[in-house]
Amino acid sequence: MQLTPDDQIWWQYGFVKINSTMIFTWAVMALLTAGAWMVTRRLNAGSPISRMQHVLEVVVGIIEKQLNEISPRRPVGLLPFVGTLFLFIAVCNTLSIIPGFDPPTGSLSTTAGLSLCVFTAVPAYGIGAIGLKRYARNYLQPTPFMLPFNILGEFSRTLALSVRLFGNVMSGTMVGAILLIIAPLVVPLLMQLLGLLTGMVQAYIFAVLAAVYISAGMDATPSRGE
Amino acid sequence: MLIDGFTVMAQIINFLILIWLMNRFLFKPIRRALDQREKSMADALNRAEQAEKQAQTRALELEKEKSTLENARERLMSEAQDQVSRWREQTLSAIREEVETLRQTFMANMTRDRQAFLEKLKRHLVQQVMRIGEKVLRDLADQRLNRQVLRVFLERLASRKAGLKHQSLNREILVQSGIPLDDDDTRALRAQLGQWFPDSSGVRFESSPDLGLGIQLVVGDRKAAWHLVDYLGDLETEIIENLFNDPRVKP
């Protein structure tokens, strides 16, 4: 039994290889891009608007609302980053109900890559918003003795992000496969429905946590002179 | 191995590419459309607010105009009522004056008519009384009354004999009598005339029933007479004058 689609390799040359994770990722990317292009090529700023445009506007509006609630000083570029995170994870988890589709989020490599992106984005947005010095001072709070723990906390939460998503998706897929063997009639269907809900919740959690980490990185600790 | 370094790198690159693609084909266009819609809605709201403000301003202006018109109407109504009141008072006063004038004219006419009627009635009464008296005297006339008439005639003639005397020179004196004269009366009258008018050529007696209870003397172109009709006429005139001059019988 494969725990991750990384193990299914389609082409390899040295350390360069193409596995199912990449292929399904490209598929999701193509699906998202094509869907967005199909809808947005005929955008109507007035009324009436198409149903799909309305759906996308609602999705984007909800993401913006969430970001505004989490980070009132929302920097430019946060919406594409967090929004893409949410949409990618949500679509991957949703498509997991299709037989034969291995969600890329069920690969620890994918979730680790996404977590590394968040790990990189937090200091990038923080330094961009409050400057390097004030951002670095956050690691000395509340006392300089907390510096190792703060650094460790950065890594641990990144690890937690990746493992939480991977664990939930992988476990859902594995439980579904096992239930399909044990009780193939109705229970797998219910588990798939539960997996859909879990997948959407995990996408929401991942995106919200990323936004929270980035927003927290932009909060400057008041200096002694301030 | 659950994690593969190459796959991690590839997924990071894939994710960055996906961010760019989503930003290019989803977020920017949707964001632009939302912004345009919000802008158009804001513009529409602004226009609506402007229109509402204009409508409120216009409503205030109309309210002011209405108030002005209401005040003007009230002022005009007040003026019209004052004018009507003044006209009514003037008209009533004129009508009262006219009615008073008509009433006074009517009263004056009525008084004049009543006075005229009363005068006419008095005259008629006096005339009737005189006629009745004349008739009674005629019917009751006798020799003694005739002689009394003759005596009164001679008394009147005595007072006028001077004016008749020079007319009687060589002329005949004509005595016309409406009452029968007997011989004694004739003789006495002839003697008295001969005494008063000695230069006359004579005295002639003539019966004249038209004179009624009366006697008349004609000398030339002069006359001297007394008869009951004239006497009663004088008496009637005197009675009427006294009657109308008496303040107690004024109407």
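What counts and what doesn't
Numbering of residues starts from 1 in every chain and runs along the sequence as written. Labels follow written order: the first chain is A, the first ligand is 1, and so on. In view of the model being predicted, local features appear only for residues whose pLDDT reaches at least 70, and side-chain atom pairs are presented and counted only at 80 or more, with totals across whole chains, interfaces and linings using the full set of residues. Water and hydrogen atoms were dropped before computing side-chain values, which therefore reflect all heavy atoms in the structure. Secondary structure elements follow DSSP: runs of H or I of four or more residues count as helices, runs of E of two or more count as strands, with numbering from the N terminus. Our radius of gyration is a C-alpha quantity, and the globule rule it is checked against amounts to 2.2 Å times the number of residues to the power 0.38. Note on areas: these come from Shrake-Rupley sampling with a 1.4 Å probe, and a residue is covered only by the protein chains present in the view. Counting rule applied: Lys, Arg positive; Asp, Glu negative; His and chain ends not counted. Where a charge lies is defined by one atom per residue type, namely NZ (Lys), CZ (Arg), CG (Asp) and CD (Glu). Pairing of aromatic side chains requires ring centres within 6.5 Å, counting the rings of Phe and Tyr and the six-membered ring of Trp. Pairs whose planes differ by under 30 degrees are stacked, by over 60 edge-to-face, and all others tilted. The classification of residues rests on relative accessible area computed with a 1.4 Å probe and restricted to protein chains. Under 20% of the type maximum is buried, over 50% is exposed, and intermediate values are partly exposed. Counted as over-ring charges are cases with an Arg CZ or a Lys NZ within 6 Å of the ring centre that also lie within 35 degrees of the ring normal. Two strands qualify as a pair provided DSSP detects at least 2 bridges between them. Residue types Ala, Val, Leu, Ile, Met, Phe, Trp, Tyr and Cys, when buried and joined through side-chain atoms within 4.5 Å, form a set referred to as a nonpolar core. Residue contacts are counted whenever heavy atoms from the two residues lie within 4.5 Å of one another. The salt bridge criterion pairs a side-chain nitrogen of Lys or Arg with a carboxyl oxygen of Asp or Glu, the two atoms within 4 Å. Patch criteria: residues need more than 30% relative accessible area and no salt bridge. Like-charged residues are merged within 9 Å; nonpolar side chains of Val, Leu, Ile, Met, Phe, Trp and Tyr are merged within 5 Å. Buried area is calculated as the accessible area (1.4 Å probe) missing from two parts once they are joined, with the contributions of both summed. A 3.5 Å cut-off defines polar contacts: any pair of N or O atoms within that distance qualifies, except that in protein one atom must be a possible hydrogen donor and the other a possible acceptor, and neighbouring residues in sequence count only when both atoms are side-chain atoms. Comment: axis = line fitted to C-alpha atoms, over the contacting stretch for helices; angle = value between 0 and 180 degrees taken between N-to-C directions. Any angle that is under 35 degrees is reported as roughly parallel, and any over 145 degrees as roughly antiparallel; angles of 65 to 115 degrees are reported as roughly perpendicular and all others as oblique. Each helix crossing is assigned a hand: it is left-handed if the near helix lies turned anticlockwise from the far helix by less than a right angle, otherwise right-handed if that turn is clockwise. Only Asp, Glu, Lys and Arg are considered charged, only Ala, Val, Leu, Ile, Met, Phe, Trp, Tyr, Cys and Pro nonpolar, and every remaining residue, Gly among them, polar. Every definition here rests on a 1 Å grid over the protein atoms only: cavities are sets of points where a 1.4 Å probe fits but cannot get out, pockets are open sets enclosed by protein on both sides within 12 Å along at least five of seven lines, and lining residues have some atom within 4 Å of a point. Grid points are joined across faces, edges and corners, and a volume is the space filled by probe spheres set on the points.

## Regarding the overall build of chain B
- The helix and strand tally for chain B stands at four helices and four strands.
- Over its C-alpha atoms chain B spans a radius of gyration of 66 Å, topping by over 25% the 18 Å that the globule rule assigns to 251 residues.
- With respect to the three principal axes, the spread of C-alpha positions in chain B is 210 × 35 × 30 Å.
- If you sum the accessible surface of chain B, you get close to 17,400 Å²; carbon and sulfur atoms cover 56% of it.
- Distance from the positive charge centre (40 side chains) to the negative charge centre (38 side chains) of chain B: 4 Å.

## Points about the packing of aromatic side chains
- Scanning all chains against the criterion turns up seven aromatic pairs over all chains.
- Look at Phe15(A) and Phe6(B): their rings are 6.0 Å apart centre to centre, the planes differ by 80 degrees, and that puts the pair in the edge-to-face class. Residue Phe15(A) is located in the loop between strand E1 (9-13) and strand E2 (16-19), and its partner Phe6(B) is located in helix H1 (residues 5-140); the two belong to separate chains.
- Ring geometry for Phe119(A) and Phe155(A): centres 5.0 Å apart, planes at 35 degrees, overall tilted. Here Phe119(A) is found in helix H4 (residues 108-130), whereas its partner Phe155(A) is found in helix H6 (residues 147-182), with 36 residues between them in sequence.
- Overall, the relative accessible area of 25% leaves Phe119(A) in the partly exposed class.
- The residue whose ring lies beneath Arg157(A) is Tyr213(A), and the NZ or CZ to ring-centre distance is 4.1 Å.

## Remarks on the pairing of E2(A)
All names here are of chain A.
- Burial of E2 is one-sided: the residues Lys17 and Asn19 facing one way are buried, the residues Val16 and Ile18 facing the other way are not.
- The pairing of E1 with E2 spans four bridges and is antiparallel. Bridging from a neighbouring strand, Trp11 pairs with Ile18 of E2.
- Between E1 and E2, which pair antiparallel and follow one another directly, the connecting turn spans two residues, one of which, Gly14, has a positive phi of 70 degrees.

## A short note on the nonpolar core
- The biggest cluster of nonpolar side chains holds 57 residues, and the ones touching the most others in it are Phe81(A), Leu85(A) and Val118(A).
- If you list the elements that add at least two residues to this core, you get helix H1 (20-40), helix H2 (51-70), helix H3 (78-94), H4, H6 and helix H7 (187-218) of chain A together with H1 of chain B.
- With near-sequence residues (within four places) excluded, Val118(A) lies in contact with Phe81(A), Leu85(A), Leu161(A), Phe206(A), Ala210(A) and Tyr213(A).
- Formed by 24 residues, the second largest nonpolar core is a distinct cluster that contains Val149(B), Leu157(B), Leu164(B) and Ala224(B).

## Structural notes on the pattern of salt bridges
Residue and element names in this part refer to chain B.
- Under the defined criterion, the tally for this structure stands at 17 salt bridges over all chains.
- Of the charged contacts in the structure, one is a salt bridge between Arg103 and Glu100, with a shortest N-O distance of 2.9 Å. Remark: Glu100 and Arg103 occur in helix H1; sequence separation between them is three residues, near one turn of the helix.
- By relative accessible area, Glu100 is classed as partly exposed at 31%.
- Linking Arg147 and Asp185 is a salt bridge whose minimum nitrogen-to-oxygen distance equals 3.0 Å. Placement of Arg147 in helix H2 (residues 143-165) and of Asp185 in helix H3 (residues 183-196) is noted, with a sequence separation of 38 residues between them.

## Details of a negative patch on the surface
All names here are of chain B.
- Where like charges cluster on the molecular surface, the negative patch consists of Asp230, Asp234, Glu238 and Glu241.
- In this structure, Glu241 sits in helix H4 (residues 228-245).
- Note on Glu241: relative accessible area 46%, which makes it partly exposed.

## Some remarks on the interface of chain A and chain B
- Counting residues at the interface gives 46 residues for chain A, matched by 28 residues for chain B.
- With both sides pooled, the region where chain A packs onto chain B buries about 3,300 Å², and carbon together with sulfur makes up 76% of that total.
- By the criterion of area lost to chain B, the three top residues of chain A are Met29(A), Ala45(A) and Thr84(A), representing 16% of everything that side buries.
- Here chain A and chain B share three salt bridges between them.
- Joining chain A to chain B, the criterion identifies nine residue pairs in polar contact (both at pLDDT 80 or more).
- When residues of the side of chain A that touches chain B are traced back to their parent elements, those giving at least two are E2, H1, H2, H3 and H4 of chain A.

## A word on the packing of H4(A) against H1(B)
- The contact between H4(A) and H1(B) brings their axes to 8 Å, and the two run at 55 degrees. One way to sum up the angle between H4(A) and H1(B) is to call them oblique. With respect to the hand of their crossing, H4(A) and H1(B) are arranged in right-handed fashion. Residues Ser109(A), Thr110(A), Ala112(A), Gly113(A), Leu114(A), Leu116(A) and Cys117(A) of H4(A) pack against Thr7(B), Val8(B), Gln11(B), Ile12(B) and Phe15(B) of H1(B).
- Its residues placed into classes, the contact of H4(A) with H1(B) shows seven nonpolar, five polar and no charged.

## Remarks on the sheet that holds strand E2 (residues 202-207) of chain B
Residue and element names in this part refer to chain B.
- Spatially, four strands are ordered E2-E1-E3-E4 in an open sheet, and the strand pairing comes out mixed. A single partner strand is all that each edge strand has here, and the edge strands are E2 and strand E4 (222-227). Across this sheet, the average inter-strand angle for adjacent strands is 15 degrees, counted without regard to direction.
- On top of the sheet, H2 reaches strand E3 (214-219) and E4; it is set at about 155 degrees to E4, its chief contact.
- In the packing of H3 onto the sheet, the strands contacted are strand E1 (172-177), E2 and E3, and the crossing angle to E2 comes to about 140 degrees.

## Considering empty space enclosed by the protein
Residue and element names in this part refer to chain A.
- Tallying each qualifying case throughout the model produces one cavity of 30 Å³ or more.
- Estimates place the volume of the largest cavity at around 40 Å³.
- Looking at the largest cavity, the residues that line it are Ser115, Val118, Phe119, Val122, Glu154, Arg157, Thr158, Leu161 and Tyr213.
- Taken together, the elements giving at least two residues each to the lining of the largest cavity come down to H4 and H6.
- Its residues assigned to classes, the lining of the largest cavity shows five nonpolar, two polar and two charged.

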